[in-house]
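Given next are the chains, with one letter for each unit.
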Amino acid sequence: MVELTVDGRTIQATEGELLVHVLARNGVFVPTLCHDAKLDPYGGCRVCVVEVEGAPRPVPACATRAAQGMAISTNGRAEKLRRTLTEMLLTEHLNANPGGRPNELVGLAEELGAEAPFILPDAKREPYEDRNRLMGYDPDACILCNRCVRYTQEVMQCSALSLEGRGPEARIVPTWDRSWLDTECELCGGCLSVCPTGAIYEKFEEGFPANREVQLDKVKTTCTFCGVGCQIDLNVDRETNRIVKVTSDPSYLPNEGDLCVKGRFAFNFVHHPDRLTEPLVRGEDGELHETSWEHALAVAAKGLEEVRDRHGPQSIGFLASARLTMEENFLIQKLARAVIGTNSVHSCEAT
Ligand code: SF4
Ligand code: SF4
Ligand code: SF4
Ligand code: FES
């Protein structure tokens, strides 16, 4: 442990811990934009600058590590610098909400009372169109913080995105200037999820009001597509009572907010008209009829009992699924072994 002072207050920290985390733990707010705890320190946007006694210039708290005896000041000159940097970012940030995702730069500007003093004459950047149907990118909302590119390299290890061009021509593009679909991209949406301004956004959210995501109800659940069991938030629009997008949070285990293409984008089946929403039981007429869960379960139990009594427990086998949760799979083997009396339990995805 080391001892340091923050705005005159003595605090303790682990040696080498990033200042941004030390400050947050001690209730000192320093804004960040390019920082992501999942990614290596970067120090690109500078909105997290603080002053450290003896340092020739303000340092980024997200890329500076705690050391014994440091004297840190988070207000005064550093505060003014943060405001100026925010204003500078706003001068070339023409589209605040291309797709209704939260925009941390706009939130920060509101918090600091910062406004763009003018718009740079060359602020408008060449638009980007991609033929994939899930993710869009608007260069006019992008602050070039490189979080998306770093995510692709450090988390997904897919190298699908690059920072291209210089100055007013700089943009994020899929590598080799191709479509996302022609790169190593698996459309996991991870780069979208770490983008602080919503410059990468869900295409199906285009045209929705600013910050729509924060107005949606988040219902935490487990992704049902495979046995990894990623934790997801179904974002529900309460007006229509429909799931409109899926997000995840870095605090969730086991996936730490990362998802694959199925977990993030394949949610429309929930509202598909062909989907069975009530249990069906075949009647005397040979047709399937809607019924209650109690009746359907009673019919299934009776059928299983009759087969067991007539042909013995070994005549019955259970097929579980890697798409169920661990708890559900546990219950299936329990039903097979303890209730029916067979050890014939297999997973449909085991071979
Ligand atoms: S969507 Fe996923 S796979 Fe595609 S570029 Fe972004 S992080 Fe990489
Ligand atoms: S697209 Fe988003 S994450 Fe990527 S550089 Fe631009 S603002 Fe940063
Ligand atoms: S998000 Fe992908 S990896 Fe995670 S549980 Fe769903 S299907 Fe499996
Ligand atoms: S958040 Fe620290 S430099 Fe960007």
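Cut-offs applied
- Residues numbered from 1 in each chain as written.
- Chains lettered and ligands numbered in written order.
- Predicted model: local features only at pLDDT ≥ 70, side-chain atom pairs only at ≥ 80, totals over all residues.
- Buried ≥ 20, exposed ≤ 12 C-beta atoms within 10 Å, placed from the backbone.
- Helix = DSSP H or I, 4+ residues; strand = E, 2+ residues; numbered from the N terminus.
- Pairing = 2+ DSSP bridges.
- Near = placed C-beta within 6 Å.
- Nonpolar A, V, L, I, M, F, W, Y, C, P; charged D, E, K, R; others polar.
- Arc of directions from axis to C-beta.
- Contact = placed C-beta atoms within 7 Å.
- Domains from an automatic or database assignment.
- Axes fitted to C-alpha atoms, helices over the stretch in contact; angles between N-to-C directions.

**Student:** Help me out: how do you make sense of the pairing of strand β10 (residues 217–222) in this one?
**Tutor:** The buried fraction of β10 amounts to 0 of the 6 residues, a small share that puts the element mostly on the outside. As defined by bridge partners, β10 adjoins strand β11 (residues 231–237) across 6 bridges and the pair is classed as antiparallel. When the bridges of β11 are listed, K220 appears paired with D233.

**Student:** Is there a simple way to think about the site of ligand 2 in this case?
**Tutor:** Looking at ligand 2, there are 13 residues lining it, with C142, C145, R147, C148 and C195 nearest. Its residues assigned to classes, the shell around ligand 2 shows 10 nonpolar, 2 polar and 1 charged.

**Student:** Where do I start with helix α3 (residues 104–112) in this structure?
**Tutor:** Helical geometry: 3.6 residues make up each α-helical turn, so side chains three or four residues apart lie on a common side. Buried within α3 we find L105, L108 and A109. The buried residues of α3 all sit within an arc of 100° when viewed along its axis, so they share a single face. Seen from the open side of α3, the exposed residues pointing more than 90 degrees away from its buried face are E110 and E111. On its buried side, α3 packs onto α2 (77–90).

**Student:** Looking at this model, I keep getting lost on the domain arrangement of the protein chain. Mind explaining?
**Tutor:** How big an interface is tends to be expressed through the accessible area that disappears when the partners come together. Domain boundaries assigned for the protein chain yield domain 1 (2–88), domain 2 (94–100 + 115–214), domain 3 (216–274) and domain 4 (280–347). Using only C-alpha atoms to locate each centre, domain 1 and domain 4 end up separated by 59 Å.

**Student:** Quick question: what am I supposed to make of the site of ligand 1 here?
**Tutor:** Around ligand 1 sit 14 residues, and of these A160, C185, C188, G190 and C191 come closest. At the level of secondary structure, the elements contributing two or more residues to the shell around ligand 1 comprise α4 (147–156) and α5 (190–194).

**Student:** Just checking my understanding: could you explain α4 for this structure?
**Tutor:** All of the buried residues in α4 are R147, C148, R150, Y151 and T152. Each element contacted by the buried residues of α4 is listed here: β7 (161–164), β8 (171–174), α5 and β9 (200–202). Just past α4, the residue Q157 takes up positive phi, approximately 50°.

**Student:** I tried to follow the sheet that holds strand β5 (residues 71–73) on my own but got confused; where do I start?
**Tutor:** Spatial ordering of the open sheet is given by β2-β1-β5-β3-β4, a layout of 5 strands whose pairing is mixed. The strands lining the two open edges of the sheet, one partner per strand, are β2 (9–13) and β4 (59–60). In this sheet, β5 lies alongside strand β1 (residues 2–6) in parallel orientation, the contact comprising 2 bridges. Residue T5 lies in a different strand from β5, and its bridge partner there is A71. The sheet contacts of α2 involve β3 (49–52) and β5, and relative to β3 the element is tilted by about 155°.

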